[in-house]
Amino acid sequence: MTSATRRPKPPEGFESWLEYAILTFDGHDAALNFIFDAEPFDHHQIQAVVLEEFNALRARASLPPLATEPARD
């Protein structure tokens, strides 16, 4: 068990685990919810919305947006 004071550092190139999760989010599973819709969303569209929502939160905190594109296959 990890002690409460010892925390793993995010992977190199990422400022936080949240940033890592947002930028490496894989929307494939989420896209499955839309496969039978008349105009389904693909995983790239979902990944873009996740990044857009995260950047809106960053803006509210007076932080610059993450300019990095979501992970592509």
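Residues numbered from 1 in each chain as written. Predicted model: local features only at pLDDT ≥ 70, side-chain atom pairs only at ≥ 80, totals over all residues. Heavy atoms only, no water.

Draft legend 1. Structural context of a nonpolar patch on the surface. A grouping of Leu32, Ile35 and Phe36 is seen on the molecular surface, where their side chains present a nonpolar patch of about 380 Å² in accessible area. Turning to its location among the elements, Leu32 is positioned in the loop between α2 (28-31) and α3 (43-60). Overall, Leu32 belongs to the exposed group, its relative accessible area being 52%. (Patch = residues over 30% accessible without salt bridge, like charges linked within 9 Å, V, L, I, M, F, W, Y side chains within 5 Å. Areas by Shrake-Rupley, 256 points an atom, 1.4 Å probe, with all protein chains shown as cover. Salt bridge = Lys/Arg side-chain N within 4 Å of Asp/Glu carboxyl O. Helix = DSSP H or I, 4+ residues; strand = E, 2+ residues; numbered from the N terminus. Buried < 20%, exposed > 50% of the residue type's maximum accessible area, 1.4 Å probe, protein only.)

Draft legend 2. Seen up close, the environment of Asp26. Along the chain, Asp26 turns up in the loop between α1 (17-23) and α2. Separated by 17 residues in sequence, Asp26 and His43 have C-alpha atoms that sit 7.2 Å apart. Of note is the side chain of Asp26, whose polar atom sits 2.3 Å from the side chain of His28. (Polar contact = N/O pair within 3.5 Å; in protein donor to acceptor, adjacent residues only side chain to side chain.)

Draft legend 3. Molecular detail of unusual backbone geometry. At Ser62, a residue that is not glycine, the phi angle is positive and equals roughly 60°. Note on placement: Ser62 falls in the segment after α3. Judged by its relative accessible area of 68%, Ser62 falls in the exposed class.

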